[in-house]
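# Examination of the molecular architecture
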Amino acid sequence: MNMPSAGLKPTPDSTSRQAGLAVRPMRGEDIARWDDFVANCPEATFFHRAGWKAVIERAFGHRTWFLLAEREGRIEGILPLAEIKSLLFGHSLASLPFCVYGGIAAESEAARAALDQAAQELAAQRRVGHLEYRNMRPRETRAQGGNWHGKDLYVTFRKEIDPDHEKNMQAIPRKQRAMVRKGIKAGLQSEIDEGVDRFFEAYSTSVHRLGTPVFSKTYFRLLKEAFAEDCEVLTIVKDGKLIASVLSFYFRDEVLPYYGGGMPEAREVAGNDFMYWELMRRSADRGYRVFDFGRSKQGTGSFDFKKNWGFEAQTLHYEYQLHRAKQVPDTNPLNPKYQLMIKTWQRMPIALANAIGPHLVKYLG
């Protein structure tokens, strides 16, 4: 385990009140039970899965604390946490970096309270700037005491899809539907890739165009390794030439397109539009019933693109407890102080950007 058990156990008073409930780090022998809990807890998400621990440690070198609350050998709640320490971007403990959802998933209020207490104690021990929960639904964290703050920036886009392709097509607003049909008429084809090479080329090309540091190819390989058939790459081609690609996660009855990108030619043939339609179509055929378009920042092109598909924005409730920090962090690209960095990155040769990017982006969880 990554830290001693001291500080993770409830105080004697809380132990007696909670009738034997104990909080401790997840161990190797707990992984199957942890994932069983995630699969069955309504408020758990794909980003609560145990596999993220190895991915974050191996891809980025960050310390993790995956905490579980159990009573008589039965898990009642979980909280995956990872620590990021950077001179440039600050020192944080979050659930969970590189993930859009996180926070405490519990089936009892006692477990929720115990995990929250353990996280706050850990944040104080590690002397972090702030503790962060990435909640899909609002938590009454301010009532728990402490210096908690919210941030009204992120939204997610989720929508039910139908087994009938034509119903899904007609549910797309007219202008966006025309873009999908443009891709179909262009003769685009979709293929499932076992590896990440073509995906990485499309993804890295796109993020370079946006002025954003790139994740390493190793990170995406680790995602495929950790989540196996629940992590899939769909690639779009025209006459055998790469147009666009998306890496998606599957969880319960949901499909979550998470990382994607397109080559310069994608714009001419509506490659990205066709790609998301094709993912929706294939997922519906496989019995998935929720299409989760993922997180976007309000006021961005990504936000507008997803809204154009007829998806309604749903606020994400990210909450921050300040410890050594004086204010809520603001490391998103909309912050004016990062505009020069973005423009410089866009002008950088892509080979150089792909070499430097992974060393920077690991601190931008």
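Structure first, text after, so check above.
Residues numbered from 1 in each chain as written. Predicted model: local features only at pLDDT ≥ 70, side-chain atom pairs only at ≥ 80, totals over all residues. Heavy atoms only, no water.

## A word on the overall build of the chain
Check the secondary structure of the chain and you find 12 helices and 15 strands. Out of the 365 residues in the chain, the part that is buried amounts to 55%. Long-range pairs, those at least 24 residues apart, make up 73% of the contacts in the chain with a sequence separation of at least 6. When the accessible surface of the chain is split by element, carbon and sulfur atoms take 51% of a total near 16500 Å². (Helix = DSSP H or I, 4+ residues; strand = E, 2+ residues; numbered from the N terminus. Buried < 20%, exposed > 50% of the residue type's maximum accessible area, 1.4 Å probe, protein only. Contact = heavy atoms within 4.5 Å. Areas by Shrake-Rupley, 256 points an atom, 1.4 Å probe, with all protein chains shown as cover.)

## As for helix α6 (residues 174-185)
Taking 1.5 Å as the rise per residue, α6 with 12 residues should run 16 Å; its terminal C-alpha atoms sit 16 Å apart, in good agreement. Taken together, the buried positions of α6 are Gln-176, Arg-177, Val-180 and Gly-183. Considered in projection along α6, the buried side chains sweep an arc of 115 degrees and stay on one side of the axis. Facing away from the buried side of α6 by more than 90 degrees, the exposed set consists of Arg-174, Lys-175 and Lys-185. Count one or two residues on from α6 and you reach Gly-187, which has phi positive near 80 degrees. (Expected span 1.5 Å × (residues − 1). Arc of directions from axis to C-beta.)

## Points about the pattern of salt bridges
Within the structure shown, the criterion is met by 25 salt bridges. We note a salt bridge from Glu-29 to Arg-27, for which the minimum N-O separation is 3.1 Å. The partner of Arg-221 in a salt bridge is Asp-197, and the shortest N-O contact between them spans 3.7 Å. With Arg-221 in helix α8 (residues 217-227) and Asp-197 in helix α7 (residues 197-210), this pair connects stretches of sequence that are 24 residues apart. The exposure class assigned to Arg-221 is partly exposed, which follows from its relative accessible area of 47%. The network of salt bridges with common partners includes Arg-24, Asp-30, Arg-33 and Glu-70. (Salt bridge = Lys/Arg side-chain N within 4 Å of Asp/Glu carboxyl O.)

## With respect to the sheet that holds strand β10 (residues 231-238)
The 7 strands are arranged β9-β10-β11-β12-β13-β8-β14 in an open sheet whose pairing can be described as mixed. Strand pairing shows two members of the sheet lacking a second neighbour, β9 (189-193) and β14 (313-315), which therefore form its edges. Recorded for the sheet is a direction-independent mean angle of 35 degrees between the axes of neighbouring strands. (Pairing = 2+ DSSP bridges. Axes fitted to C-alpha atoms, helices over the stretch in contact; angles between N-to-C directions.)

## Brief notes about the nonpolar core
Core analysis: the biggest nonpolar cluster contains 51 residues, and Phe-47, Trp-52, Tyr-219, Phe-220, Leu-223, Phe-249 and Tyr-259 have the highest contact counts within it. Ranked by residue count, the leading element in this core is α8, at 5 residues. Residue contacts for Tyr-259: discarding those within four places in its chain leaves Phe-98, Phe-199, Tyr-203, Phe-215, Tyr-219, Phe-220, Leu-223, Ser-245, Val-246 and Leu-247. Among the nonpolar cores identified, the runner-up in size contains 30 residues, and Leu-234, Met-275, Leu-279 and Trp-309 belong to it. (Core = buried A, V, L, I, M, F, W, Y, C linked by side-chain atoms within 4.5 Å.)

## Section: the environment of Thr-315
Structurally, Thr-315 is set in strand β14. You can call Thr-315 partly exposed: its relative accessible area is 39%. Sequence separation between Thr-315 and Val-155 is 160 residues; the distance between their C-alpha atoms is 4.4 Å. Aside from chain neighbours lying at most four places away, what touches Thr-315 is Met-136, Asp-152, Tyr-154 and Val-155.

## Overview of unusual backbone geometry
Residue Ser-95 is joined to Leu-96 through a cis peptide bond whose omega torsion reads 5 degrees. Along the polypeptide, Leu-96 turns up in the loop between β4 (90-95) and β5 (105-106). Unusually for a residue other than glycine, Arg-127 sits at a positive phi of about 55 degrees. Here Arg-127 shows up in the loop between α4 (109-126) and β6 (130-135). Positive phi outside glycine occurs at Asp-239, with the angle close to 55 degrees. If you trace the backbone, Asp-239 turns up in the loop between β10 and β11 (241-251).

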